[in-house]
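Structural features, examined
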2 protein chains.
Amino acid sequence: MELYQSGTWLISDTLMSSMVRDDSLFVRRHFRKDEEIYVQESVSSKFYVVVSGLVQIAMIREDGTEVILELMGPQTVCGEGAAIDGLPRFSGATALEETELLEFDASQLPQLAAHSPEFVVALLQITALKQRVLAVRLEQLSSREPETRIMEMFARLARIFAETRCDGKLIVPKLTHEQIAAMTGNTRVTVTRALGRLKERGEIAIVNGRILLMSERFRD
Amino acid sequence: MELYQSGTWLISDTLMSSMVRDDSLFVRRHFRKDEEIYVQESVSSKFYVVVSGLVQIAMIREDGTEVILELMGPQTVCGEGAAIDGLPRFSGATALEETELLEFDASQLPQLAAHSPEFVVALLQITALKQRVLAVRLEQLSSREPETRIMEMFARLARIFAETRCDGKLIVPKLTHEQIAAMTGNTRVTVTRALGRLKERGEIAIVNGRILLMSERFRD
DNA sequence: CGCATGCGGTATCGTGGGATACACCCAAAA
DNA sequence: TTTTGGGTGTATCCCACGATACCGCATGCG
């Protein structure tokens, strides 16, 4: 497996299939645009596999500002952290589009472990992957130049959401500058400025509201 | 359980005991000061429970700067992320003092899951906790004032390492300004300046090289 | 004892990003 | 159609942080 792939929380097909093998373990759920899936600080043992759509994971800081942890697309798992440790959710999840989820319940994990161990091992691997992604994000945030932070974030998103084109990779979800700011820890104004410079340098372009990554490393 | 405790990766006694129940699963290991426990980018299925001592988890960025992810004391687990997902280690671990560890091997997790499920569930809860801590750190890093970042980091460390005194909480490990800088994403100079201001305001004091937290919220 | 090393404190300088404000565009609503 | 509101592009000001350099001090080691 290529190292550079490591910053994703995309679940491999193998993992995925061992999660959904036993369909008595989950319930299909549907959320409309802007509907909340779970809210920060609530206690719940539910976690979710994204089947289709787009989910935003965000934390509200004490001062009221929002930090977007991640956007989750199909083949990702969310909410399992708090579902497993039983503490109040440290982040909230919102559907940014019509979204289809599988809802699991972590409350009978011990029993589950006994009769379908591969499910628990799959879950373990997923949480390990997410730990990795969070660590990579931390590393990125400690970079100071906004351009770097933004491009690193785009590169990460591209691995989940990109559609490959002849001239680069197009990030499918539409992102407002404000969202990018909340994801990279900058202000909206700084994001606008940095994007301008990136456009000038030919590293990115905007194609009807979406980000097109054009650096060489995004060509195939 | 108190919400404010959530930013720790201290393992509960219950979890701990279900890890060490079967002593055929681990090997005792000893590391001297400044010895490397594992290095970044290496591949290994080993992970560790800290019994005594102090372990620093750090990532080296491409530009050569070091980001300290965490200091781990007794009753913590480290290295399990990469051990489980099998990818190269995203961080390296070094013993900052004489350190006693239990070394586990994650390579036979599937078999393990079958005959001692509670071990796997314990591991799962640990990774979930760490996910939480990483998310909290991310949240903190997105704050801009160095004082806030530093104080939040101290508060976190205090939950693992503090010794309660009549006048506040004393953080046991000695920290250089450089380490604090690498943990909070600032420069050494900024840390020195910020600490000066915090001292003036009476929020902290230095007691023979260690940090004493003196704000009201650290009194009992 | 003297030297080296690493850490803490401080100064100087330049800059880039935060705060704030405002104008423009476009799409959806009324 | 007009209006409203959210998103984007800029300008202006200011200050705090990064870069760099230097000094003094403690510790340790030959």
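Quick caveat: nothing in here was measured; it's all calculated off a predicted structure.

All right, on to the packing of helix α5 (residues 146-161) of chain A against helix α6 (residues 177-184) of chain A then. Residue and element names in this part refer to chain A. Closest axis-to-axis distance for the α5/α6 pair is 10 Å, and the angle between their directions is 100 degrees. Taken as axis vectors, α5 and α6 run roughly perpendicular relative to one another. Seen from α5, the contacting residues are R149, I150, M153 and F154; seen from α6, they are I180, M183 and T184.

Moving on, we come to the protein's contact with DNA strand C. Near DNA strand C, the surroundings consist of 16 residues, among which P146(A), T187(A), T190(A), H177(B) and R188(B) are the closest. Within the side chain of T187(A), a nitrogen or oxygen atom sits 2.8 Å from a phosphate oxygen of DNA strand C. R188(B) places a side-chain nitrogen or oxygen 2.9 Å from a base nitrogen of DNA strand C. Of all the elements in the fold, those that place two or more residues in the surface near DNA strand C are α7 (188-200) of chain A together with α6 (177-184) and α7 (188-200) of chain B.

In contact at an axis separation of 9 Å, helix α4 (residues 117-141) of chain A and helix α4 (residues 117-141) of chain B are set at 20 degrees when each is read in the N-to-C sense. When the axes of α4(A) and α4(B) are compared, the pair comes out roughly parallel. α4(B) is crossed by α4(A), and the crossing has left-handed handedness. Residue-level inspection shows V120(A), L123(A), L124(A), T127(A), K130(A), Q131(A), L134(A), A135(A), R137(A), L138(A) and L141(A) of α4(A) in contact with α4(B), the latter providing V120(B), L123(B), L124(B), T127(B), K130(B), Q131(B), L134(B), A135(B), R137(B), L138(B) and L141(B). Residue classes in the contact of α4(A) with α4(B) are distributed as 14 nonpolar, four polar and four charged.

For the rest of this paragraph, the subject is the UniProt feature "domain: HTH crp-type" (unreviewed entry) in chain A. The sites that carry the UniProt feature "domain: HTH crp-type" (unreviewed entry) are, in the present numbering, residues 144-217 of chain A. Taken end to end, residues 144-217 of chain A is 50% helix and 22% strand, and its two terminal C-alpha atoms sit 22 Å from one another.

Moving on to the relation of the copies chain B and chain A. Once chain B is rotated about the relating axis by 179 degrees and shifted along it by 0.0 Å, it coincides with chain A to within an RMSD of 0.1 Å. The transformation relating the two chain copies, once decomposed into turn and shift, fits a two-fold axis. A share of 98% of the interface residues of chain B reappears at the interface of chain A, consistent with the copies meeting face to face through the same patch.

Among the nonpolar cores identified, the biggest contains 48 residues, and M19(A), F47(A), M19(B) and F47(B) are the most heavily contacted of them. Counting 38 residues, the second-largest nonpolar core is a separate cluster that includes I37(A), M59(A), I57(B) and L69(B).

With that settled, the discussion passes to the protein's contact with DNA strand D. In the vicinity of DNA strand D, 15 residues are found, and the nearest of them are H177(A), R188(A), P146(B), T187(B) and T190(B). Put simply, 54% of the atoms of DNA strand D that lie within 4 Å of the protein are in sugar or phosphate. Here H177(A) contributes a backbone N or O atom positioned 2.7 Å from a phosphate oxygen of DNA strand D. Contacts to DNA strand D include T187(B), whose side-chain N or O atom sits 2.9 Å from a phosphate oxygen. Elements supplying a minimum of two residues to the surface near DNA strand D: α7 of chain A together with α7 of chain B. With five residues, α7(A) is the largest single contributor of residues to the surface near DNA strand D.

Let us now look at the environment of E178(B). All names here are of chain B. Along the chain, E178 falls in helix α6. Accessibility expressed as a relative area gives 56% for E178, which makes it exposed. For the pair E178 and V191, spaced 13 residues apart in the sequence, the C-alpha separation amounts to 7.9 Å.

What follows covers the pairing of strand β10 (residues 168-171) of chain B. Residues and elements named next belong to chain B. Direction of pairing for strand β9 (residues 162-165) relative to β10: antiparallel, over a ladder of four bridges. Within β10, the position partnered with T164 by the bridge is K169. Adjacent in sequence and paired antiparallel, β9 and β10 are bridged by two residues. Here two bridges tie β10 to strand β12 (residues 210-213), and the two strands are oriented antiparallel to one another. Of the residues in β12, the one forming a bridge with K169 is L213.

Quick look at the packing of aromatic side chains now. This model, assessed by the stated rule, comprises eight aromatic pairs over all chains. Here F47(A) and F104(A) contribute two aromatic rings whose centre-to-centre distance is 5.3 Å and whose plane-to-plane angle is 10 degrees, an arrangement assigned as stacked. Here F47(A) is found in strand β3 (residues 46-52), whereas its partner F104(A) is found in strand β8 (residues 99-105), with 57 residues between them in sequence. Between the aromatic rings of Y38(B) and Y48(B), the centroid separation amounts to 6.0 Å while the plane-to-plane angle is 15 degrees, which identifies the pairing as stacked. Placement of Y38(B) in strand β2 (residues 36-38) and of Y48(B) in strand β3 (residues 46-52) is noted, with a sequence separation of 10 residues between them. The exposure class assigned to Y48(B) is buried, which follows from its relative accessible area of 4%. Taken together, the ring pairs connect F26(A), F47(A), F104(A) and F119(A) into an aromatic cluster. We note R89(A) situated over the ring of Y38(A); from NZ or CZ to the ring centre the distance is 3.8 Å.

Here is what the cut-offs are and how they apply
- Residues numbered from 1 in each chain as written.
- Chains lettered and ligands numbered in written order.
- Predicted model: local features only at pLDDT ≥ 70, side-chain atom pairs only at ≥ 80, totals over all residues.
- Heavy atoms only, no water.
- Axes fitted to C-alpha atoms, helices over the stretch in contact; angles between N-to-C directions.
- Helix = DSSP H or I, 4+ residues; strand = E, 2+ residues; numbered from the N terminus.
- Parallel < 35°, antiparallel > 145°, perpendicular 65-115°, else oblique.
- Contact = heavy atoms within 4.5 Å.
- Near = heavy atom within 4 Å.
- Polar contact = N/O pair within 3.5 Å; in protein donor to acceptor, adjacent residues only side chain to side chain.
- Left-handed = near helix turned anticlockwise from the far one by under 90°.
- Nonpolar A, V, L, I, M, F, W, Y, C, P; charged D, E, K, R; others polar.
- UniProt positions renumbered as here; feature names shortened; annotations may be inferred.
- Least-squares fit on C-alpha atoms with pLDDT ≥ 70 in both.
- Core = buried A, V, L, I, M, F, W, Y, C linked by side-chain atoms within 4.5 Å.
- Buried < 20%, exposed > 50% of the residue type's maximum accessible area, 1.4 Å probe, protein only.
- Pairing = 2+ DSSP bridges.
- Phe/Tyr/Trp six-rings, centres within 6.5 Å; stacked < 30°, edge-to-face > 60°.
- Lys NZ or Arg CZ within 6 Å of the ring centre and 35° of its normal.

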